[in-house]
Amino acid sequence: MKIKVLLEPSDEGGYTVYVPSLPGCISEGETIEEALENIQEAIELFLEISSYRS
């Protein structure tokens with residue numbers, strides 16, 4: 001499954017990453033690689049939690 005993410009530099013340093021199709025699914029990391037790894041985990045948790053609510 002492919003999910004579009006938006007990666008932005010943070011004012012405090014590092015990166016913030018958002019998932020436009022999953023409201024509230026946000027993560028961050030010190031590097032681009034770390035931010036992308038973290039958002040992958042956040043997406044998995046978001047989808048897992050969403051499946052319980054259905």
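The preceding data block contains the structure.
Nothing here was measured: the structure is a model prediction, and the numbers come from that model. (Residues numbered from 1 in each chain as written. Predicted model: local features only at pLDDT ≥ 70, side-chain atom pairs only at ≥ 80, totals over all residues. Heavy atoms only, no water.)

1. A few points about the overall build of the protein
Helix and strand content of the protein: 1 helix and 3 strands. Element order for the protein, N to C, with α for helix and β for strand: β-β-β-α. Projected onto its principal axes, the C-alpha positions of the protein cover 35 × 20 × 15 Å. Counting across all 54 residues of the protein, residues that qualify as buried make up 24%. Taking all contacts inside the protein whose residues are at least 6 apart in sequence as the whole, residues at least 24 apart take part in 15%. Surface exposure of the protein reaches about 4200 Å², of which carbon and sulfur atoms provide 52%. (Helix = DSSP H or I, 4+ residues; strand = E, 2+ residues; numbered from the N terminus. Buried < 20%, exposed > 50% of the residue type's maximum accessible area, 1.4 Å probe, protein only. Contact = heavy atoms within 4.5 Å. Areas by Shrake-Rupley, 256 points an atom, 1.4 Å probe, with all protein chains shown as cover.)

2. Overview of the sheet that holds strand β2 (residues 15-18)
On the basis of which strands lie adjacent, the open sheet formed by 3 strands has the order β1-β2-β3 and antiparallel pairing. The outermost strands of the open sheet, each flanked by one partner alone, are β1 (6-9) and β3 (26-29). In this sheet, neighbouring strand axes are inclined to one another by 25 degrees on average, regardless of whether the strands run parallel or antiparallel. Direction of pairing for β1 relative to β2: antiparallel, over a ladder of 4 bridges. (Pairing = 2+ DSSP bridges. Axes fitted to C-alpha atoms, helices over the stretch in contact; angles between N-to-C directions.)

3. Overview of the pairing of β2
Between β1 and β2, which pair antiparallel and follow one another directly, the connecting turn spans 5 residues, one of which, Gly 13, has a positive phi of 105 degrees. One ladder, built from 4 bridges, connects β2 with β3; its direction is antiparallel. Along β3, the bridge assignment pairs Tyr 15 with Gly 29.

4. Quick notes on the environment of Tyr 52
Tracing the backbone shows Tyr 52 in helix α1 (residues 32-53). Sequence spacing of Tyr 52 and Pro 23 is 29 residues, and the spatial spacing of their C-alpha atoms is 17 Å.

Nothing here speaks to function; it is all geometry.
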